[in-house]
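Commentary on secondary and tertiary structure
The primary structure of each chain is shown beneath.
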Amino acid sequence: MSEAATALSFAPGPVTMETEPVLHLSMQQALNRALDEILADHPKTVIFGEDCGRLGGVFRITDGLQAKHGEERVFDTPLAESAILGMSVGLAMAGFHPIPEVQFDGFAYPAINQIVCQIARMNYRSRGTLPMPITLRVPSFGGIRAPEHHGESLEALFAHVPGLKVVSPSTPHDAYHLLKYAATRPDPVIFMEPKSRYWQKGPVVVSTATPGQAMLDAGMDDGGSLTGARVAREGRHLTLVAWGAMVARCLQVAELAAEDGIDVEVVDLRWLKPIDAEALARSVGKTRRAVVVHEAPLTSGLGAEVAQLITQHCFQTLKAPVERVTGFDVPYPSGDLEDEYIPNIDRILFGIQRVLEYRRG
Amino acid sequence: MTTKPVLAAVDEDAAPLTHEQLRELYSLMASVRRLDSAAVAWQRQGIIPGYAPQLGQEAAQVGSGYAVDRTRDFVFPTYREMGVARAMGLDMVGYMSTHKATWHGGMYNPLESRFAPIQAVVAGSVLHAVGWAHGQTLSGKPDGERGVAMTYFGDGASSQGDVHEAMNFAAVMKAPVVFFIQNNGWAISVPTERQVAGGSVAARAAGYGIPSLQVDGNDVVAVHEATRSAFAHCRAGNGPVVIEAMTYRRGPHSTADDPGRYRTLEEERLSAGEDPLERFKQRLLSEGVADTAFFARAQQQAQDEEEAVRTGIEALGPRPGAEMFSLVFQEPTPTLQSQATAWRKESEHV
């Protein structure tokens, strides 16, 4: 591991925390390190996409990997998303574990037939004889003043497709462990990276042991498992449910609410399919109030699914209907209007207020 | 009609087909013709809900499928490659089960058969062939042991953008892929001239720097030799080949189609040309490769085979409903498992 860090020459020296090394990495560095280790540990893994090789990807997530692991393991493809994903199917059929990259979320649309009709269904169509161990990395969501089609939130679309699993990390630590986990599973996973969080640093507990246990041992609670949600902040009065870049914003909101004596719990969903319904029930069963926050448009967004799961599990104890604070039913706006579109601190606080002030009858 | 191959490595050392092989090719075509006609009848009798006949394409399908080495190659079919499946020795009850509506992809094992699950999205699997073939390049196996991917599609599918992407990727990566186009004149109701600009699909290959062969798709020997040469070219590490087999869809698109709405019987008679089976039969007779007794035996074998497949198909019951849930993932999600539990509880079938 330290050898990998040296080779890629960006990771600061490990700080020992009990027996597990804790690094201070950005999400970009954490993802890069995860991919480096996946390539080293799993010889059938191949990484490819537009500009993934020599350039290291437009977000540098694959930086240095081609030089280290060779042009056969990490390669550039021509510029065609459908072919990148269609080729992943064939490679998986030949026994490889592809980790393709779609350069930006909006460019997943040209590949939708291969994702929905092929990747998601091949295991089923072939009666389990042709599994699709494909992890599709999609730099996702807004917040970086990007051109059109470079800031989409596609989680509801992907989560609706039978045969796909969907995950989105919110911290460098989760990014590292969730990617390593997803890339070694036998089913296709859409890995949505919150691009506005690529450059913020955080502690990453690096371990080859079971990551959940390593976290607990290191005194960091990730729920003990990589398959479920994570309580990012404990609270008593209300639960904010979020994923991706909205988790950090909800944590900010929780600090501000605390100044008014409101104790907010923040649940980082992490897995958007399957959704950890038990974690939602545990949290809202305690707080009795919930607000779901996402960047995607409101109508038929994943917030509706979350609200229904909470209602189903906590109907008796809920003090108010579940609120949704989301993007609007409009095409993703240009950078100048981005802050009006993405749920901001004020809008989330208003959502909290509506729930707290709700009175029956 | 066969154009001169512009292949870097042709299979010049390959011996011409023996008389035994020629007779085997005919027997396969006879089996395919019989099974294909029978499947249309089964649909009319209510044994299967639908079928996409390949009548008239026996030479293109058997001739190409016969060139596949099942120890290392892999074929990516659409939904009209019954003749290829038969030539490759597939379990035909397993193949036909897709038309019985037992399971979309068919009940045969694609890995053991070297024949991907039946694909209903036109051009959907062309890119899969490129990925699989690139996997051969990455496999580290020596040249001789690497497989070749052969992907089938038609003149209609050639309009799909995925075909362009696949040919370009394959050429850039020098992937060992044989793009096998059956140009059967019709994409349901739309004729080739209103489908394919530039006159042929094979002509497009030049734009990618891919060698192409346009072959008389109703001449089984010509098809076989072209395919064999293409495989040799791929195996030698020279990258992909395009083969366009010119043939004719003598039947409807499917058992739900009515060709009378878009072509007359007279047009069919004029365009279809000579029946590929009859043509091959006359050749074998005139060259003394087979006698009338052989053809009688081939006919009898085809009939016996058809009856066995029909018996197998009729015996196929519906799959257990639990498979709807259990085959979605390798590792099913808790949500899906609870849906399966609820279904089981509320269903009368289990």
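Residues numbered from 1 in each chain as written. Chains lettered and ligands numbered in written order. Predicted model: local features only at pLDDT ≥ 70, side-chain atom pairs only at ≥ 80, totals over all residues.

1. Digging into the overall build of chain B
Secondary structure summary: chain B contains 13 helices and seven strands in total. The C-alpha atoms of chain B give a radius of gyration of 21 Å, which matches the 20 Å a tight globule of 350 residues would have. Residues counted as buried form 49% of the 350 residues belonging to chain B. Sequence-distant contacts, at least 24 apart, represent 77% of the contacts inside chain B between residues at least 6 apart. (Helix = DSSP H or I, 4+ residues; strand = E, 2+ residues; numbered from the N terminus. Rg over C-alpha atoms; globule rule 2.2 N^0.38 Å. Buried ≥ 20, exposed ≤ 12 C-beta atoms within 10 Å, placed from the backbone. Contact = placed C-beta atoms within 7 Å.)

2. Details of the overall build of chain A
Helix and strand counts for chain A come out as 14 helices and 15 strands. For chain A, with 361 residues in total, the buried portion stands at 56%. Taking contacts inside chain A between residues at least 6 apart in sequence as the whole, the part at least 24 apart equals 75%.

3. Observations concerning the packing of helix α1 (residues 19–45) of chain B against helix α2 (residues 58–65) of chain B
All names here are of chain B. In the contact formed by α1 and α2, the axes pass within 10 Å of each other and the chain directions differ by 130 degrees. Taken together, the axes of α1 and α2 are oblique relative to one another. Where α1 crosses over α2, the handedness of that crossing is right-handed. On α2, the residues touching Leu25, Leu28, Met29, Val32 and Arg33 of α1 are Glu58, Ala59, Gln61 and Val62. Among the residues forming the contact of α1 with α2, the class breakdown is six nonpolar, one polar and two charged. (Axes fitted to C-alpha atoms, helices over the stretch in contact; angles between N-to-C directions. Parallel < 35°, antiparallel > 145°, perpendicular 65-115°, else oblique. Left-handed = near helix turned anticlockwise from the far one by under 90°. Nonpolar A, V, L, I, M, F, W, Y, C, P; charged D, E, K, R; others polar.)

4. Observations regarding the interface of chain A and chain B
Contact residues are listed per partner, giving 35 residues for chain A and 33 residues for chain B. It is helix α4 (residues 81–93) of chain A that provides the largest number of residues to the side of chain A that touches chain B, a total of nine residues. A class-by-class count of the residues in the side of chain A that touches chain B yields 17 nonpolar, 13 polar and five charged.

5. Examining the environment of phenylalanine 153 of chain B
Residue and element names in this part refer to chain B. Its location among the elements puts phenylalanine 153 in strand β2 (residues 149–154). Classification of phenylalanine 153 by C-beta neighbours within 10 Å gives buried; the count is 29. Distance in space between the C-alpha atoms of phenylalanine 153 and glycine 124 is 9.4 Å, their sequence separation being 29 residues. Excluding residues within four positions of it along the chain, phenylalanine 153 makes contact with Thr78, Ala123, Val126, Ser158, Val163 and Ile181.

6. Looking at the packing of α1 of chain B against helix α10 (residues 276–286) of chain B
Residue and element names in this part refer to chain B. The contact between α1 and α10 brings their axes to 11 Å, and the two run at 155 degrees. On the basis of their axis angle, the class for α1 and α10 is roughly antiparallel. Here α1 and α10 pass one another in a crossing that is left-handed. For the pair formed by α1 and α10, the contact residues are Leu22, Tyr26, Met29, Ala30 and Arg33 on the first element and Leu277, Phe280, Lys281 and Leu284 on the second. In the contact of α1 with α10, the residues fall into seven nonpolar, no polar and two charged.

7. Digging into the domain arrangement of chain B
If you check the domain split of chain B, you get domain 1 (19–319) and domain 2 (320–350). Using only C-alpha atoms to locate each centre, domain 1 of chain B and domain 2 of chain B end up separated by 36 Å. (Domains from an automatic or database assignment.)

8. Here we look at the domain arrangement of chain A
Residue and element names in this part refer to chain A. Under the domain assignment, chain A is made up of domain 1 (15–217) and domain 2 (230–356). Look at where the C-alpha atoms of domain 1 and domain 2 centre, and you get two points 26 Å apart. With 24 residues of domain 1 at the interface, the matching set in domain 2 holds 21 residues.

9. Structural notes on the pairing of strand β5 (residues 97–101) of chain A
All names here are of chain A. Burial runs high along β5: five of the five residues are buried. Alternating positions in β5 separate into two faces, His97, Ile99 and Glu101 on one and Pro98 and Pro100 on the other, with burial throughout. By the bridge criterion, five bridges tie strand β3 (residues 45–49) to β5 in an arrangement that is parallel. The residue of β5 that forms the bridge with phenylalanine 48 is proline 100. (Pairing = 2+ DSSP bridges.)

10. Remarks on helix α5 (residues 112–119) of chain A
Counting along an α-helix, one turn takes 3.6 residues, and residues three or four places apart therefore face a common direction. Considered for burial, the residues of α5 of chain A that qualify are Gln114, Ile115, Gln118 and Ile119 of chain A. The buried residues of α5 of chain A occupy one face: seen down the axis, they fall within an arc of 115 degrees. Its buried side turned inward, α5 of chain A meets α4 and α6 (122–125) of chain A together with α6 (126–138) of chain B. (Arc of directions from axis to C-beta.)

11. A short note on the sheet that holds strand β11 (residues 238–242) of chain A
All names here are of chain A. Spatial strand order, β10-β12-β11-β14-β15: five strands in an open sheet with mixed pairing. Edge positions in the sheet fall to β10 (230–233) and β15 (323–327), since each has one partner strand and no second. Ignoring strand direction, the axes of neighbouring strands in this sheet form an average angle of 25 degrees. For β10 and strand β12 (residues 264–268), the ladder comprises three bridges, and the chain directions are antiparallel. For arginine 233, the partnering residue across the bridge sits in β12 and is valine 266. The sheet contacts of helix α10 (residues 246–259) involve β10, β11, β12 and β14 (290–297), and relative to β12 the element is tilted by about 175 degrees.

12. Observations regarding the sheet that holds strand β1 (residues 74–76) of chain B
Residues and elements named next belong to chain B. With respect to topology, five strands assemble into an open sheet ordered β1-β2-β3-β7-β6, the strand pairing being parallel. A strand with exactly one partner marks an edge of an open sheet, and here the two such strands are β1 and β6 (212–216). Going from strand to strand, the sheet's axes swing by 20 degrees on average, the running direction of each strand aside.

13. Observations regarding the nonpolar core
Soluble, globular proteins show a tendency: their nonpolar side chains are buried together. Core analysis: the biggest nonpolar cluster contains 196 residues, and Leu240 of chain A together with Val178 and Ile243 of chain B have the highest contact counts within it. At eleven residues, α1 of chain B tops the list of elements feeding residues into this core. Setting aside residues no more than four positions away along its own chain, leucine 240 of chain A makes contact with Cys250, Val253, Ala254, Val264, Val266, Val291 and Val293 of chain A. (Core = buried A, V, L, I, M, F, W, Y, C linked by C-beta atoms within 7 Å.)

14. A look at the confidence of the model for chain A
Residues and elements named next belong to chain A. The predicted model of chain A has a mean per-residue pLDDT of 91, with 89% of residues at 70 or higher. Predicted confidence is poor over residues 1–17, with pLDDT under 50, and the contacts of this stretch with residues over four places away or in other chains come to 23 contacts. In the model, residues 214–224 has pLDDT below 50 throughout and makes 26 contacts with residues more than four positions away in sequence or in other chains. (pLDDT = per-residue confidence, 0-100.)

15. Description of unusual backbone geometry
Residues and elements named next belong to chain A. The linkage connecting lysine 273 with the following residue, proline 274, adopts the cis geometry, with an omega of 0 degrees. The residue proline 274 is located in the loop between β13 (271–273) and α11 (277–287) in this model. If you check the backbone angles, aspartate 51 has positive phi at about 65 degrees while not being a glycine. If you trace the backbone, aspartate 51 turns up in the loop between β3 and α3 (65–69). Phi angles above zero are rare outside glycine, and phenylalanine 141 is one such case at about 70 degrees. Examined against the element boundaries, phenylalanine 141 turns out to sit in the loop between β6 (135–140) and α7 (155–159).

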